[in-house]
Structure formats: structure tokens, C-alpha cells
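Residues per chain, in single letters:
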Amino acid sequence: MRNQMETRCIHGNSDFSFRESTRAVSFPIYQTATFGHVGLGQSTGFDYTRVKNPTRQHLEETVSSLENACDTVAFSSGMAAVSACFELFEPGDHIICSEDLYGGVTRLLCTFCQKNGLSVDFVDTTDLEKIRTVLRPETKALYIETPSNPMMNITDLRGCAALAKERHLLLIVDNTFLSPYLQNPIDLGADLVIHSGSKFLSGHNDTVAGFLSSANGELADRIRMIAKTTGGVLAPFDCWLVLRGIKTLAVRMERQQENAGKVARWLSAQPHIRKVFYAGLPEHPGYEINRAQARGAGSMISFRTDSVETAHRVLEKVRLITFAESLGGTESLITYPMTQTHPDVPAEMREHLGITETLLRLSVGLENCDDIIADLKQALEESV
Ligand SMILES: *Cc1c(COP(=O)(O)O)cnc(C)c1O
């Protein structure tokens, strides 16, 4: 019988056959570039670390088991995983993306992907009809973030999977914001799942990593070929850091989500706050869809202040919460999407999406929730 998620976070895939010979409890860091051959034409299964390394294999098997994937490759960053994914396409291919997207992915699509002959349409994927209106014969993939960054829009993954199947498209889902603990896109019909492992999976704001998980063997072979050829794979020590982070994924996600729910409700009641974007609030337009496809709303919140001055005051006055990019770790972080994560998104697009000077994004960490709220409270107060 298959182990539960919490157990798989700690022990990896239950039918994983590779066991280190000393029975070390913490999986060893195989800090080696290459592996000796046991004889002519014979291999231990490990030849060169760019292609395969035991520490990375253990991590990849663990992520595959959490995402119910056929195979996973661990990359040196989330963006390396996204870049590898777009190597699947040919000049002339067309991709439809969520319009609200991690800023680095928008930059990649508008620069190198276009240079390589891909064309892209950014649409509001919360509305499946809008996806249909931009479909073309050369459309090859749907690229979705749900909840999206930073507006927390929810896209119906089952609906997208049905459309992808009907039109023979690949459904690619960036699952960074919920982590496999709360959402498993492959179970909902996705073909490829992307993670920035720098976020919830590693969970301690101490490493940069990325994952690309495939739903079937054919895709897995193509991704393996891309990874070994382009080479942006994760180093053994970083693999170990992410493995250690994943051991506590379940407990971290539970508590961070609990904290986020309290912070979101508290923020909603503050006079200086105009709007809170959090899929765990019943008034969120994607609340029901998120509930139907995910096991929670996670710990990412965006909110709009009543003025630019308030937004700036919060960023300058927070003490416990760090004003920094990134998310998903034990430390609460607050981000200014307009200048930090989305400066390369064209201004009219940002305006259309709602990424304005009054929008702040908060990654709720593992501190005591009362302390997080007290910090926000003092930051929101106008100084006398
Ligand atoms: C951070 C992030 C990425 C990029 O990952 P890196 O590890 O920073 O390269 C991609 N997608 C989302 C949703 C992210 O939050």
C-alpha cells in the first residue's frame, strides 16, 4: 500500500529501490562529478552527475511521488525548469498562457521564446471561453498558474485539461504557490508540472531550485534529453537542502496556511486596506473552483492599500516581516510586485492586471500569527 503524503515527504517514494549501503538515515550528499565504471560496457547506473546523481535521484523520486508524476528532473532554479520546458516546442508553435504570471516567465516568453519562433497569447484563463477565442491550429500548449502570481486568480484545471485533450495541447501547470501538499495538477489532467523549489519545497529561504515533473514516459524521456543536453540541473548539496526542506513540507504548509487565513481575515477588516486577494476567503471569485481542485488556499496573500503612501509605509515600517522577493519559506516576506517581481511586464499589462503601486504581496511564514499581525498593525499605523 502506498504511504500517505506526510510519510512520502520524509521517506520519499515507498517503492524507491536505491538504498545507500551504509543505511545512513539522512540521505548522503554524493559530492562527485563522475563515477567509475565497473568494467568495459558496465555501469553502476551512475556515470556523470549532469546526467544522474544519487542525491538528485532521491530528490527527484521524492518530488515525483508527491506529484504523482512518472518522472521529475531537478533543475538549478525554477526558471531553468521553465526554460527546459519551452525547449519542447518548435519555431511556429503557439502557446496560450495565464495573463497573470510570474514576471520572470513573462520575460522569458517575450524575449528568448519569441526569438526562438514561439508565439504567445496571454489571456485571462479564469474564463475558459477566453482561452477558446485565441486557439489556433498551431497552438501546442496551455501554460497555467493557479493561484496566479500576484493576483491569486484561480483557473479551473479540470476544464483546461478537457480542452487540452480535445485540442491535443500540452497542459503545463506551475504549482509553486500551493506545493504538491495542497494541489496535484497531474491528478487533474496536467501533462507537466513546474515548481520553483526555491519556495515551499525547500521552504527555508536558503536555496534556489526548480522541478519539472512529467505525467507520462514519453514526455519524461524528452525532458530527460533536454536536461542532460542543456545541463541546468541541481547540484548535490542543493538537492540535499531541498530534501531536508521537504521532510517538513506537510507541517509547514498546514501552519502557514492557518496563519495566512487569520492574516487575510484581519487585513480585510483594516481601514487602510481596500481589498484582500486570497483564495481561502469565501468572497474570492475562485473560492469554489480552488476548493474543488486543491486541498487548501496556501499562504500567499496579496492586498491593495488605500493609497500609495500606505503601501510605501508598510514596506518601510515592517520589522518582523522582511521586505524581500521570494515566498514560501519559514520567514514571512512582503514584496512590492510592481518593482520587484513584475517590473519587466509592460506597464499597460500591469495596469490591466491590477499590479499597481498600491498592491502588496505577502508570504505568510511560520512565526506566531499574533506577532505577524502585530507587525502589520504597527506598519499600517500613521506615525504621529
Ligand atoms: C519563483 C517562481 C518562479 C521562478 O523560480 P526561481 O526558482 O526563482 O527561478 C516561477 N514560478 C513561480 C510561480 C515562482 O514563484
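Up top is the structure these notes are about.
Residues numbered from 1 in each chain as written. Predicted model: local features only at pLDDT ≥ 70, side-chain atom pairs only at ≥ 80, totals over all residues. Heavy atoms only, no water.

*Asks:* Can you help me understand the side chain of E60 in this one?
*Replies:* Among the secondary structure elements, E60 is positioned in helix 2 (residues 54-67). E60 sits in the buried class, given a relative accessible area of 6%. A polar contact of 2.9 Å, which involves the side chain of E60, links it to the side chain of R224. Ignoring anything within four residues of it in the chain, the contact list for E60 reads T72, V73, A74 and R224. (Helix = DSSP H or I, 4+ residues; strand = E, 2+ residues; numbered from the N terminus. Buried < 20%, exposed > 50% of the residue type's maximum accessible area, 1.4 Å probe, protein only. Polar contact = N/O pair within 3.5 Å; in protein donor to acceptor, adjacent residues only side chain to side chain. Contact = heavy atoms within 4.5 Å.)

*Asks:* Explanation requested: the pairing of strand 2 (residues 94-98) in the structure shown.
*Replies:* One face of the sheet, then the other: side chains in a regular strand alternate in exactly this way. Within strand 2, five of the five residues are buried, leaving the element largely enclosed by the surrounding structure. Judged from the five bridges that link them, strand 2 and strand 3 (residues 119-123) form a sheet pairing that is parallel. Counted as the bridge partner of S98 is V123 from strand 3. Note that the unit made of strand 2, helix 4 (residues 103-115) and strand 3 has a crossover that is right-handed. Note that strand 2 and strand 4 (residues 139-145) share four bridges and pair parallel. Following the sheet pairing, I95 is matched in strand 4 by A141. (Pairing = 2+ DSSP bridges. Right-handed = clockwise from strand over helix to strand, strands pointing away.)

*Asks:* When you look at the pattern of salt bridges in this model, what are you seeing that I'm missing?
*Replies:* Note that side chains of opposite charge can pair when their charged atoms are close. Applying the stated criterion across every chain yields a total of 14 salt bridges. Two residues, E129 and R132, come together in a salt bridge whose shortest N-O distance is 4.0 Å. Placement of both E129 and R132 in helix 5 (residues 128-133) is noted, with a separation of three residues, approximately one turn of the helix. Judged by its relative accessible area of 49%, E129 is partly exposed. The partner of E138 in a salt bridge is R136, and the shortest N-O contact between them spans 3.6 Å. By relative accessible area, which is 29% here, E138 ends up partly exposed. Each of R56, E60, D71 and R224 takes part in one network of salt bridges that share partners. (Salt bridge = Lys/Arg side-chain N within 4 Å of Asp/Glu carboxyl O.)

*Asks:* Can you walk me through the packing of aromatic side chains in this structure?
*Replies:* For any pair of aromatic rings, the description rests on two quantities: the centre-to-centre distance and the angle between the ring planes. Counted under the stated rule, the structure contains five aromatic pairs. Between F86 and F89, the ring centres sit 6.3 Å apart and the planes meet at 45°, which makes this aromatic pair tilted. Each member of the pair, F86 as well as F89, carries the same accessibility label: buried. Aromatic pair F237 and W240: ring centres 6.1 Å apart, planes at 20°, arrangement stacked. Residue F237 and its partner W240 are both found in helix 9 (residues 236-247); the two are separated by three residues, about one turn of the helix. Three or more aromatic residues joined by ring pairs form one cluster here, namely F86, F89 and Y143. Sitting over the ring of F46, K52 keeps its end group 5.0 Å from the ring centre. (Phe/Tyr/Trp six-rings, centres within 6.5 Å; stacked < 30°, edge-to-face > 60°. Lys NZ or Arg CZ within 6 Å of the ring centre and 35° of its normal.)

*Asks:* Help me understand helix 2 in this model?
*Replies:* Along an α-helix, residues three or four apart share an orientation, since each turn contains 3.6 residues. For helix 2, with 14 residues, the first-to-last C-alpha span of 20 Å sits near the 20 Å given by 1.5 Å per residue. Burial runs high along helix 2: 13 of the 14 residues are buried. N-cap assignment for helix 2: the residue whose side-chain oxygen lies 2.9 Å from the backbone N of T55 is N53. One or two steps after helix 2, the chain reaches N68, where phi turns positive at roughly 55°. (Expected span 1.5 Å × (residues − 1).)

*Asks:* What am I meant to see in the packing of helix 3 (residues 78-86) against helix 4 here?
*Replies:* The relative placement of two packed helices comes down to the angle between their axes together with the axis-to-axis distance. At a minimum axis distance of 11 Å, the contact between helix 3 and helix 4 shows a crossing angle of 40°. Between helix 3 and helix 4, the interaxial angle falls into the category oblique. Relative to helix 4, helix 3 is oriented so that their crossing is right-handed. Contacts between helix 3 and helix 4 involve M79, V82, S83 and F86 on the former and, on the latter, G104, V105, L108, L109 and C113. Grouping the constituent residues of the contact of helix 3 with helix 4 by class yields seven nonpolar, two polar and no charged. (Axes fitted to C-alpha atoms, helices over the stretch in contact; angles between N-to-C directions. Parallel < 35°, antiparallel > 145°, perpendicular 65-115°, else oblique. Left-handed = near helix turned anticlockwise from the far one by under 90°. Nonpolar A, V, L, I, M, F, W, Y, C, P; charged D, E, K, R; others polar.)

*Asks:* What is the right way to read the sheet that holds strand 11 (residues 333-335) from this model?
*Replies:* Hydrogen bonding along the main chain pairs the strands of a sheet, whether they run parallel or antiparallel. Taken together, the five strands give an open sheet; going across it, the order is 8-9-12-11-10, and neighbouring strands pair in mixed fashion. Of all strands in the sheet, those bounded by a partner on one side alone are strand 8 (273-277) and strand 10 (322-323). The pairing of strand 11 with strand 12 (residues 359-363) spans three bridges and is classified as antiparallel. Each bridged residue has a counterpart across the sheet, and for I334 the counterpart in strand 12 is L362. Across the face of the sheet, helix 10 (residues 249-268) comes into contact with strand 8, strand 9 (300-305) and strand 12 while running at roughly 10° to strand 9.

*Asks:* Just checking my understanding: could you explain the packing of helix 12 (residues 308-317) against helix 14 (residues 369-380) for this structure?
*Replies:* Where helix 12 meets helix 14, the axes come as close as 8 Å, and the angle between the chain directions of the two elements is 130°. Considering their axes alone, helix 12 and helix 14 lie oblique with respect to each other. Helix 14 is crossed by helix 12, and the crossing has right-handed handedness. Facing T310, R313, V314 and K317 of helix 12, the residues of helix 14 in contact are D375, Q378, A379 and L380. Among the residues forming the contact of helix 12 with helix 14, the class breakdown is three nonpolar, two polar and three charged.

By themselves, these observations are geometric and do not establish any function.
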